[in-house]
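# Structural overview
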Amino acid sequence: MRPIIITLDGYSSCGKSTLAKAMARELNYVFIDSGAMYRAITLYFLRHHIDPKDNSAVRQALTEINLDFDYNAEQGTSDMLLNDENVEALIRDMLVSEHVSEVAANEYVRAFGVAQQQKMGLKKGIVMDGRDIGTTVFPAAELKIFVTADPVVRVERRFKELLAKNPRITIEEVKDNLEMRDYIDSNREFSPLRQAADAKVLDNSQLTREEQLALALSWAQETIAQKA
Ligand code: DC
């Protein structure tokens, strides 16, 4: 069977990464979390006081950034490496979430991210999740999925996840952050979040993880069989 490219795009906290990771494990494909790349760049900018509006500082900083994934197929993990440092836990921090959309909207950051993601897809056999993967990174991907969920469900899911790490976090903070990121991600000039015209929509508001995985895998298997 010829390997294909599967893209998963959608708003923040729709469960895209969880689904993409599970699909990759079942299909024996490589999972790539493109959001982790923008988060790692944001962490670098925060540490080095890079203003995302200062294009010359941004361009210089990007020459100092090397991104990689420490991929462990057996454990099903894919940890983000920033200049060889494992930053997987740090990039999930609220501070990074507060700044990532602004950083990801910068045109040089986007060109940097998109070029690296396209390189990772050369061998196919990947499941990549993000915001512009089916529209800009891989417009010819064989299977595109646009994941959605009710905003109330998304806030609750994200709140539960963050509460485990930070007992002082409030549901309002989480809601504000999701709304802000969705707004910036959808309205930025360069490769905004859009549903690709040929994407299949998966609304997981009322689905269990197992049910959404079964549905997405049925689409994948159907597409792989057609393209083989
Ligand atoms: O998927 P995530 O929530 O970890 O992504 C973090 C941010 O990165 C998100 O708010 C927007 C940005 N992003 C992007 O602009 N393009 C992508 N392909 C993936 C993420």
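Below, the structure is looked at part by part. (Residues numbered from 1 in each chain as written. Predicted model: local features only at pLDDT ≥ 70, side-chain atom pairs only at ≥ 80, totals over all residues. Heavy atoms only, no water.)

### Observations regarding the pattern of salt bridges
Under the convention used in this document: Note on definitions: salt bridges are taken to be side-chain nitrogens of Lys or Arg within 4 Å of carboxyl oxygens of Asp or Glu. Only protein chains enter the area calculation, which uses a 1.4 Å probe; residues under 20% of their type maximum are buried, those over 50% are exposed, and those in between are partly exposed. Working definition: helices are DSSP H or I runs of at least four residues, strands are E runs of at least two. Numbering for both runs from the N terminus.
Taken as a whole and judged by the stated rule, the model has twelve salt bridges. Between Arg92 and Glu88 there is a salt bridge; the shortest N-O distance is 2.9 Å. Exposure remark for Arg92: the relative accessible area of 22% places this residue in the partly exposed category. Asp182 is paired through a salt bridge with Arg154; the nearest N and O atoms lie 3.0 Å apart. Linking Asp182 in helix H8 (residues 171-187) with Arg154 in helix H7 (residues 151-163), this pair joins segments that are 28 residues apart in sequence. Counted as one network, the salt bridges with shared partners bring together Asp33, Glu88 and Arg92.

### Focus on the nonpolar core
Under the convention used in this document: Only buried Ala, Val, Leu, Ile, Met, Phe, Trp, Tyr and Cys residues count toward a nonpolar core, and they belong to the same one when joined by side-chain atoms within 4.5 Å. Residues count as neighbours in contact if any of their non-hydrogen atoms are within 4.5 Å of one another.
If you look at the biggest cluster of nonpolar residues, it comprises 35 residues, and the most contacted ones within it are Ile41, Phe45, Ile65, Leu67 and Met80. If you list the elements that add at least two residues to this core, you get helix H2 (34-47), helix H3 (55-63), strand E3 (67-72), strand E4 (77-82), helix H4 (94-104), helix H5 (107-120), strand E6 (126-130) and helix H6 (133-137). Of the residues forming this core, the biggest block, eight residues, is contributed by H2. The contact partners of Ile41, leaving out residues within four places of it in the chain, are Leu62, Ile65, Leu67, Val103, Val109 and Phe112. Leu8, Leu27, Trp219 and Ala220 belong to the second-largest nonpolar core, a separate cluster that totals 24 residues.

### Quick look at the site of the ligand
For clarity, the threshold we go by: We define proximity as follows: a residue is near a molecule or strand when any one of its heavy atoms falls within 4 Å of that partner. Distance and chemistry together define a polar contact, namely a pair of N or O atoms within 3.5 Å, with one atom able to donate a hydrogen and the other to accept it when in protein, and with adjacent residues in sequence counting only for side-chain atoms on both sides. Accessible surface is estimated by sampling points in the Shrake-Rupley manner with a 1.4 Å probe; for residues, cover comes only from the protein chains shown. Only Asp, Glu, Lys and Arg are considered charged in this grouping, and only Ala, Val, Leu, Ile, Met, Phe, Trp, Tyr, Cys and Pro are considered nonpolar; every other residue, Gly among them, is considered polar.
Surrounding the ligand, one finds 15 residues, the nearest of these being Arg39, Arg110, Asp132, Arg181 and Arg188. Note that a nitrogen atom of the ligand is positioned 3.0 Å from one of the side-chain N or O atoms of Ser34. Within the side chain of Arg110, an N or O atom sits 2.9 Å from an oxygen atom of the ligand. When the free accessible area of the ligand is taken as 450 Å², the share hidden by the protein chains comes to 96%. Taken together, the elements giving at least two residues each to the shell around the ligand come down to H2, H4 and H8. Looking at the shell around the ligand element by element, the count peaks at four residues for H2. Class assignment of the residues belonging to the shell around the ligand gives a composition of four nonpolar, four polar and seven charged.

### Looking at the sheet that holds strand E2 (residues 30-33)
The condition that has to hold: DSSP-based pairing: two strands are paired if at least 2 bridges between them are found. Here an angle of 0 to 180 degrees is reported between the N-to-C directions of two axes, which are lines fitted to C-alpha atoms, with helices fitted over the stretch in contact.
What the five strands build is an open sheet, ordered E2-E6-E1-E7-E8; its pairing is parallel. Each of the sheet's edge strands pairs with one partner strand only, and the pair in question is E2 and strand E8 (200-203). Along the sheet, successive strands turn relative to each other by an average axial angle of 20°, direction set aside. Pairing between strand E1 (residues 5-10) and E6: five bridges, direction parallel. Residue pairing for E6: Ile5 is matched across the bridge by Ile126. Along the sheet, helix H1 (residues 16-27) makes contact with E1, E2, E6, strand E7 (143-148) and E8, crossing E1 at roughly 165°. This element, H2, spans E2 and E6 of the sheet and lies at about 40° to E2.

### Brief notes about the packing of H2 against H4
Stated precisely, the cut-off is as follows: Small angles under 35 degrees read as roughly parallel and large ones over 145 as roughly antiparallel, with 65 to 115 read as roughly perpendicular and the rest as oblique.
Running from N to C, H2 and H4 point in directions that differ by 100°, and their axes come no closer than 8 Å. The orientation of H2 with respect to H4, classified from their angle, is roughly perpendicular. Between H2 and H4, the contacting residues are Tyr38, Arg39, Ile41, Thr42, Leu43, Phe45 and Leu46 on the first element and Leu95, Val96, Ser97, His99, Val100, Val103 and Ala104 on the second. In the contact of H2 with H4, the residues fall into ten nonpolar, three polar and one charged.

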